[in-house]
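Chain by chain, the residues run as shown.
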Amino acid sequence: MSEIPLAPVDRIIRSCGADRVSEEAKEELSIVMEEYGKKLSEQASKLAEHADRKTVKSEDIKLASDRL
């Protein structure tokens, strides 16, 4: 089970045009989002480390996102 709450996931899916969303769909997207978030965070952390920083900045997230 993902740590991302299902209510915001439901809102995201509905904002993209869905009228109804199954619990399984919300759970699956939540899991996928968390997996992507972990990969993105890992890349951003490496970028911060490469820049000799301990703090991950928004620029690291943006650059990591472009690379994934």
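Residues numbered from 1 in each chain as written. Predicted model: local features only at pLDDT ≥ 70, side-chain atom pairs only at ≥ 80, totals over all residues. Heavy atoms only, no water.

An unreviewed UniProt entry annotates the protein as Histones H3 and H4 originating from Methanohalarchaeum thermophilum. Its UniProt record gives the protein a comment under Sequence similarities (unreviewed entry), which states: "Belongs to the archaeal histone HMF family." (UniProt positions renumbered as here; feature names shortened; annotations may be inferred.)

Enquirer: So, the packing of helix α2 (residues 23-50) against helix α3 (residues 58-67): which residues are in play, and what are the values?
Expert: Running from N to C, α2 and α3 cross one another at 120 degrees; their axes reach a closest spacing of 8 Å. In terms of their interaxial angle, α2 and α3 are classed as oblique. The handedness of the crossing between α2 and α3 comes out as right-handed. Facing Tyr-36, Leu-40, Gln-43, Ala-44, Leu-47 and Ala-48 of α2, the residues of α3 in contact are Asp-60, Ile-61, Leu-63, Ala-64, Ser-65 and Arg-67. Its residues assigned to classes, the contact of α2 with α3 comprises eight nonpolar, two polar and two charged. (Axes fitted to C-alpha atoms, helices over the stretch in contact; angles between N-to-C directions. Helix = DSSP H or I, 4+ residues; strand = E, 2+ residues; numbered from the N terminus. Parallel < 35°, antiparallel > 145°, perpendicular 65-115°, else oblique. Left-handed = near helix turned anticlockwise from the far one by under 90°. Contact = heavy atoms within 4.5 Å. Nonpolar A, V, L, I, M, F, W, Y, C, P; charged D, E, K, R; others polar.)

Enquirer: So what's going on with the pattern of salt bridges? Which residues, and what values?
Expert: Counted according to the given criterion, the structure contains seven salt bridges. Put simply, Asp-10, Arg-14, Glu-23 and Lys-26 are held in one network by salt bridges that share partners. (Salt bridge = Lys/Arg side-chain N within 4 Å of Asp/Glu carboxyl O.)

Enquirer: If you had to explain the environment of Met-33 to someone new, which residues and values would you point to?
Expert: Position of Met-33 among the secondary structure elements: in helix α2. Exposure remark for Met-33: the relative accessible area of 29% places this residue in the partly exposed category. Counting along the chain gives 20 residues from Met-33 to Arg-53, while the straight-line C-alpha distance between them is 26 Å. (Buried < 20%, exposed > 50% of the residue type's maximum accessible area, 1.4 Å probe, protein only.)

Enquirer: Hey, could you go over a negative patch on the surface for me, with residue numbers and the actual values?
Expert: Side chains of Glu-24, Glu-27, Glu-28 and Glu-35 sit close together on the surface and give a patch of like negative charge. Inspection of the secondary structure puts Glu-28 in helix α2. (Patch = residues over 30% accessible without salt bridge, like charges linked within 9 Å, V, L, I, M, F, W, Y side chains within 5 Å. Areas by Shrake-Rupley, 256 points an atom, 1.4 Å probe, with all protein chains shown as cover. Lys, Arg positive; Asp, Glu negative; His and termini not counted. Charge placed at Lys NZ, Arg CZ, Asp CG, Glu CD.)

Enquirer: Describe the UniProt feature "domain: Transcription factor CBF/NF-Y/archaeal histone" (unreviewed entry) in the protein, naming the residues involved and giving the relevant values.
Expert: When the UniProt feature table is mapped to this numbering, "domain: Transcription factor CBF/NF-Y/archaeal histone" (unreviewed entry) covers residues 3-64. Across residues 3-64 one finds 73% helix and 0% strand; the C-alpha atoms that close the span lie 22 Å apart.

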